[in-house]
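# Descriptive analysis of the structure
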Amino acid sequence: MCSYAIKMRPLTDQETELFFKKLSKYIGDNIRHLLDREDGQYCFRLHLDRVYYCSEKLMKAAACISRKQLLSFGTCLGKFTKSGKFYLNITALDYLAPYAKWRVWLKPNAEQQFLYGNNIVKSGVGRMTEGTETNAGVVIYNMSDMPLGFGVAAKSTTDCRRADPTALVVLHQADLGQYIRAEDALT
């Protein structure tokens, strides 16, 4: 599916479909806001199986650098695995948070556990967006509205109300603690 050649290129139709499907899980139709910006034209490019989000001006400047010497450009939103799946990195949080469809706010005592890579139980949830469905992509915030990471809702909003305090509500996908835990892998 993905080519492992050292080449900066636009995403193929199949790669674009997988990438947009993953993004839309978190931000829905707001993907258009990432591309249609007032401060210029922006695009997604694939380099070394990683998807980068950058301005077209930066992309043109990066094209002048030898492909073997180019390590990265723009913001790495995620990567394609060898099996052809797309994995979002924590570096995408700044672009997911403003456009998130579903959000979960954590109580202060649950923040640290989430930032250590643990799933979220009901007792740690302060608030949850009304209408959140099971398996929906959610962005996790602290009570001060600072984005901490993202995950997948294990229970819908209505199921969460009836669940016991130890029930899993959100399955961990990525958090800000990964900058420390896996700083060598975030390129």
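Conventions adopted
Residues numbered from 1 in each chain as written. Predicted model: local features only at pLDDT ≥ 70, side-chain atom pairs only at ≥ 80, totals over all residues. Heavy atoms only, no water. Phe/Tyr/Trp six-rings, centres within 6.5 Å; stacked < 30°, edge-to-face > 60°. Lys NZ or Arg CZ within 6 Å of the ring centre and 35° of its normal. Pairing = 2+ DSSP bridges. Helix = DSSP H or I, 4+ residues; strand = E, 2+ residues; numbered from the N terminus. Contact = heavy atoms within 4.5 Å. Axes fitted to C-alpha atoms, helices over the stretch in contact; angles between N-to-C directions. UniProt positions renumbered as here; feature names shortened; annotations may be inferred.

For the coordinates displayed, the defined rule picks out 10 aromatic pairs. Aromatic ring contacts, followed pair by pair, group Phe 19, Phe 20, Tyr 42, Phe 44, Tyr 53, Phe 80, Phe 86 and Tyr 95 into a single cluster. Looking at Arg 37, its charged tip hangs above the ring of Tyr 42, at a distance of 3.8 Å from the centre. In this structure, Arg 127 is placed above the aromatic ring of Trp 105, and the distance from its NZ or CZ to the ring centre is 4.1 Å.

A few words on the sheet that holds strand S11 (residues 168-175). In space, the 6 strands of this open sheet follow the order S7-S11-S10-S9-S6-S8, with mixed pairing throughout. Because the sheet does not close on itself, it has two edges, and the strands there are strand S7 (120-121) and strand S8 (125-128). Sheet analysis places strand S9 (residues 137-142) next to strand S10 (residues 147-153), joined by 5 bridges and oriented antiparallel. For Ile 140, the partnering residue across the bridge sits in S10 and is Gly 149. Each of S9, S10 and S11 is contacted by helix H1 (residues 13-27), which is oriented at about 105° to S10, the strand it contacts most. Against the sheet, helix H5 (residues 108-115) contacts strand S6 (103-106), S7, S9, S10 and S11, and its axis sits at roughly 80° relative to S10.

Turning our attention to the UniProt feature "domain: PUA" (unreviewed entry) in the chain. Under the feature "domain: PUA" (unreviewed entry), the UniProt entry names residues 102-177. Taken as a whole, residues 102-177 contains 18% helix and 41% strand, while its terminal C-alpha atoms sit 21 Å from one another.

What follows is about the sheet that holds strand S4 (residues 75-80). Taken in spatial order, the 5 strands line up as S1-S2-S3-S4-S5 in an open sheet, and their pairing is antiparallel. The open sheet terminates on both sides in strands that have one partner only, identified here as strand S1 (36-37) and strand S5 (86-88). Those strands touched by H1 are strand S2 (40-47), strand S3 (50-55), S4 and S5, and its axis lies near 35° from that of S5.

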